[in-house]
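Residue-level structure breakdown
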Amino acid sequence: MKVPHGYLRVHMGLLLLFLYAPIAVLLVLSFNASRLPSVWGGFSLIWYRSLANNELILQAVQNTLVVAVVVTLLSTVLGTLLAVGLQRTVRSRTLDAVLFLPAVIPDIVLAIGLLSFFNLLRFSLGLHTIILAHTVFDMIFVAAIVRTRLGYFDRRIEEASLDLYAGPVETFLRVTLPAIFPGVIAGALVAFTLSVDEFVIAFFNSGPSSITFPIRVYSLIRFGITPEINAVAAIVLVFSLLVVFAALRLARPQGEDRVGHGPVA
Amino acid sequence: MSSFKRFIPRAVLVGPGMGYWIVFFLAPIGLLLAYSFLERGPFGGVIAEFTWGNYPRLFDPLYLKVLLTSVRIALVATSIALLLGYPAAYFIANASKRWRVPLLFLVILPFWTSFLIRTYAWMVLLSPVGLINKALIGIGLIDDPLPLLYNELAIVIGLVYAYIPLMILPLFASLERLGGELREASADLFASPFESFRTITLPLTLPGIVAGCIFVFVPSLGNFIIPDLLGGGRKVMIGNLIQQQFLQARDWPFGAVLAIAVVVLMLLLLGVQAQVLRREQATES
Amino acid sequence: MRRQGFHGFVAAATTAALMLAACGGSGGGSEGSEDSTQTTSGGSEDQELGGKLVISNWDAYMPKNLIPSFEKKTGVDVEVAVHTTNEDIMGKIQAQSGSGFDLVFVSGQFVEPLVQQGWAAEVDPSQIANLENLYPEASELGYDPGNSHSVPYTWGTTGLCYRTDLVNAEPTSWDVFHDPPAELDGKMTMLGTDRWLLQPALLAEGASINSTDPQIIEEAASWTVEAKQNLLGFDDTTFYSKLVSGEASLVQAWDGWCNYGIAEDKNIEFVIPQEGSDVWTDTMVILESSQNKAAAHAFIDHVLEPKNGKAVAELVLYKVPNQPAMEKLDGKLVEQYPNLGIEPAELLQQEPVKEIGGDGLQLWSDAVAQVKGG
């Protein structure tokens, strides 16, 4: 018997509409000749042109990308290893819960706590401190998502692999990792997304000139969201779309199923 | 089991993550915990004088009311996110392989633009003179603009919108492992797809559900931008309160106390999650 | 191998990221292109000071050429950090125990906390010749008597900003929020920042805007809770665009911000209610931890150049306490934005915003939480 695909399809479509409605708005507004979002002044490309000269914003976007990529890599590795390791250790429920605290603590608390900590250690602030700070909570998000996947992972295939004289590392890379891969990808996506748009922790842990895009956007709040900012968002969006689909093209296997599909019988 | 000894040692797996956690999380939070027991400085910060006095303030009816309001709004947002997110995650998990990852990216992509930009875009949509109202009035469905902004409804919409990918992704990870064979097998065993869903799919994806709910509930509590912009400052959530204590009132000790209260609440929730996860593992083996 | 492509992508991305980071992901924060076509300040001699100066300010709050011309004149390398609110930068300074910057721009009421914690450096007037450009009133502002630890940058007041075409009569009192005429019901906003949220109530009841009397604050909170019923909401940042779009007809606004609305819609006007208002000041403070106080002083001196003061007023549409700068302002500008023409004497009739201390802040923030959350 079939799952009622019709309803699900409609639901997905409506959800995408919901997700992209504000995006459509901001795209349209980026071509608004008028500065205020409430008034349409006619179609114009002036904001894109001024953006090309706006070194401050461009630098901020670059900083954000650098931070996000490094944070994603760090937290995906640390988080995945952590999840796999935790799965095997006998531990108390309390420790489990406590470990996940960085993901649930209010950001201003983590922000000020980390800054005070860096200050105590006389650590200089810069992009690196933002990276360190973001990794703290992103690592836990990755671990949490990978764990939902690990819960059903049948370790017998690991045993089988080890019995067949594959080394521990090889077993991990060729047996464990592929099975939990969707979780790792989902976790990495979350980590990237959370870092790219994070303001509070980034602001408090940034050096004077390590300004990220969210910080830049928030600091311009006096002028509302200028169409220039919308233009940046539009460009970031289109660029991400291109990068993502290019990557998918590169990564597409030759008709192989690279997404794990439950226990191998 | 002897073979487990031959796998990568647990210390190697857990070590880096735990080490990082201890240095960059435990230490800073320990600092704040210490602050919660100190006196506030007259002009900000803390002075090195021990006091219990910060904690009783937590039970002031004003703050309890804020806490309750926040929890209520966050719960509503989480429930809606679950209702909206689960079918979407299900759809993506069961889509053909070449569509799965692109769909995930489509869901995530809006969130790579700035949160503030998207929130302002919602204001343009929801405002009394905004696009939605203009459209509805234009068609003639309504005469007066609907109050879609500067109220709790707007806050909920904003929160659901802000955190729904954090609901969909864990759900996807959880749902994805349910292969077609499992569904077919259960379909053979049960009378209706709904029963099959309720008995097999739902329980097996419970860890994903719990993770997704926590990922939405927690930041919803801590968010202070959405209540300010979309709520018109008419509601105060715990996030606003904590931020206010640290920054506007410059009362770090009490800010730390509020944060700890939220953390304790979270620990209880996480305990529930851990419980659910373990039960699932037990039934699995 | 089947994951080759993906690994390749990851490797490429990492390399790119690391290269970007190495090439200066964290460097180069100073202002954009050096505008060497415009001559820098007349008058003062070029002083070769060198060294570095780290400043934190609100974004887009300084004229484009201010920093480059300073760098050219003195050889100092300036790094500009941004903050969105006073509270943000205060939090950052607090967590770093008074260090991290050489010079910060904060509002007047935050000078005292910095001084009391020993983090504000004493201003050395001998290094700032242009101090004489300040109006005499600028040293009588109360939050820092004699400007011993701060130098004012801009100042202004708060009042009612409204659409003349959407109101039936010119508003004259803060009471309009509490007892609005019919056409204004549900079409007003008040400021949401703690120190300004309670101002209309306090002024309407004739109390001090720096009051820390629990009874008075309690009454102000009740007044504001009642006023809340008549409001669209509390708004710190988009209130003037609400006026332009017609979503609101009357808002509580800082005078400079009202000008941003006026720039978009000529029907907007600004008025100080009859009960009076506040006078706020944005100031420059040198931090005691600074290693380059000479450069910081030189920067303040540079800012107080009449031509630079004028550029600030023209950019931000705020008044500056710099007499020759204000006198140089284009008459047409003042005509377009009348509140630029408010004389210092008139400004000082209002009450300066001052620090209210830890207990006061606690009292106020509880009151605000009650108003907003109630």
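Residues numbered from 1 in each chain as written. Chains lettered and ligands numbered in written order. Predicted model: local features only at pLDDT ≥ 70, side-chain atom pairs only at ≥ 80, totals over all residues.

Another point: the overall build of chain C. The helix and strand inventory of chain C stands at 15 helices and 10 strands. The buried share of chain C, taken over its 374 residues, is 56%. Residue pairs in contact within chain C that sit at least 24 positions apart in sequence constitute 77% of those at least 6 positions apart. (Helix = DSSP H or I, 4+ residues; strand = E, 2+ residues; numbered from the N terminus. Buried ≥ 20, exposed ≤ 12 C-beta atoms within 10 Å, placed from the backbone. Contact = placed C-beta atoms within 7 Å.)

To continue, consider the overall build of chain A. Of the regular secondary structure elements, chain A holds 12 helices and 0 strands. Taken from the N to the C terminus, the helices and strands of chain A come in the order α-α-α-α-α-α-α-α-α-α-α-α. Counting all 265 residues of chain A, 54% fall into the buried class. Sequence-distant contacts in chain A: of pairs separated by 6 or more residues, those separated by 24 or more amount to 81%.

Take the interface of chain B and chain A next. Contact with chain B, which involves 85 residues of that partner, is made by 88 residues of chain A. Ranked by residues supplied to the side of chain B that touches chain A, first place goes to helix α2 (residues 10-35) of chain B with 14 residues. Each residue belonging to the side of chain B that touches chain A can be placed in one class, and the counts come to 62 nonpolar, 14 polar and 9 charged. (Nonpolar A, V, L, I, M, F, W, Y, C, P; charged D, E, K, R; others polar.)

Next up on the list: helix α5 (residues 115-126) of chain B. Residues and elements named next belong to chain B. For α5, built from 12 residues, the straight-helix expectation of 16 Å at 1.5 Å per residue is met to within 8% by its first-to-last C-alpha distance of 16 Å. Most of α5 sits out of view: 11 of its 12 residues are buried. Along α5, the residues classified as buried are Phe115, Leu116, Ile117, Arg118, Tyr120, Ala121, Trp122, Met123, Val124, Leu125 and Leu126. (Expected span 1.5 Å × (residues − 1).)

Core analysis: the largest hydrophobic core is formed by 299 residues, its most contacted members being Phe141 and Ile145 of chain A, Ala89 and Phe172 of chain B together with Leu103, Cys161 and Val285 of chain C. When residues no more than four places from it in sequence are discounted, the contact partners of Cys161 of chain C are Tyr240, Leu243, Val251, Ala253, Cys258, Gly261, Ile268 and Phe270 of chain C. (Core = buried A, V, L, I, M, F, W, Y, C linked by C-beta atoms within 7 Å.)

Moving on to the pairing of strand β2 (residues 46-50) of chain B. All names here are of chain B. In the sheet, strand β1 (residues 38-40) pairs with β2 via 3 bridges, with the strands oriented antiparallel. Bridging from a neighbouring strand, Arg40 pairs with Val46 of β2. Hairpin remark: β1 followed by β2, antiparallel, with 5 residues in the connecting loop; positive phi at Gly44, about 135°. (Pairing = 2+ DSSP bridges.)

With that settled, consider the packing of helix α2 (residues 66-74) of chain C against helix α10 (residues 293-303) of chain C. Residue and element names in this part refer to chain C. Their axes nearest at 11 Å, the elements α2 and α10 cross at an angle of 125°. When the axes of α2 and α10 are compared, the pair comes out oblique. Pair α2 / α10 crosses with right-handed handedness. Residue-level inspection shows Phe70, Lys73 and Thr74 of α2 in contact with α10, the latter providing Ala295, Ala298, Phe299 and His302. (Axes fitted to C-alpha atoms, helices over the stretch in contact; angles between N-to-C directions. Parallel < 35°, antiparallel > 145°, perpendicular 65-115°, else oblique. Left-handed = near helix turned anticlockwise from the far one by under 90°.)

On to the environment of Pro321 of chain C. Residues and elements named next belong to chain C. Looking at the secondary structure, you find Pro321 in the loop between α11 (306-316) and α12 (323-328). Considering only alpha carbons, one finds Pro321 and Ala138, 183 residues apart in sequence, at a separation of 6.3 Å. Excluding residues that lie within four positions of it along the chain, Pro321 makes contacts with Leu134, Tyr135, Ala138, Pro152 and Trp155.

Residue and element names in this part refer to chain C. For Asn147, which is not a glycine, the phi torsion comes out positive at approximately 50°. Examined against the element boundaries, Asn147 turns out to sit in the loop between α4 (111-116) and β4 (151-163). Of note in this structure, Leu317 is not a glycine but carries a positive phi near 60°. By the secondary structure assignment, Leu317 is in the loop between α11 and α12.

Before going further, it helps to examine the domain arrangement of chain C. Residue and element names in this part refer to chain C. Taken domain by domain, chain C consists of domain 1 (52-155 + 280-342) and domain 2 (156-279 + 353-373). Between the C-alpha centres of domain 1 and domain 2 the distance comes to 26 Å. Within the residue set of the side of domain 1 that touches domain 2, elements represented by two or more residues are α4, β4 and β9 (278-286). (Domains from an automatic or database assignment.)

In this assembly, 27 residues from chain B lie in contact with 27 residues from chain C. Going through the elements one at a time, α3 (61-94) and α12 (238-248) of chain B are the ones with two or more residues in the side of chain B that touches chain C. When residues of the side of chain B that touches chain C are assigned to their parent elements, the largest contribution, 5 residues, is made by α12 of chain B. Classifying every residue of the side of chain B that touches chain C gives 12 nonpolar, 8 polar and 7 charged.

It is worth spelling out the confidence of the model for chain C at this point. Residue and element names in this part refer to chain C. Across chain C, the average pLDDT comes to 85, with 87% of residues at or above 70. Throughout residues 1-44 the model reports pLDDT below 50, and contacts reaching past four residues in sequence, or to other chains, amount to 63 contacts. Our summary of model confidence lists the complex with pTM equal to 0.83 and ipTM equal to 0.82. (pLDDT = per-residue confidence, 0-100.)

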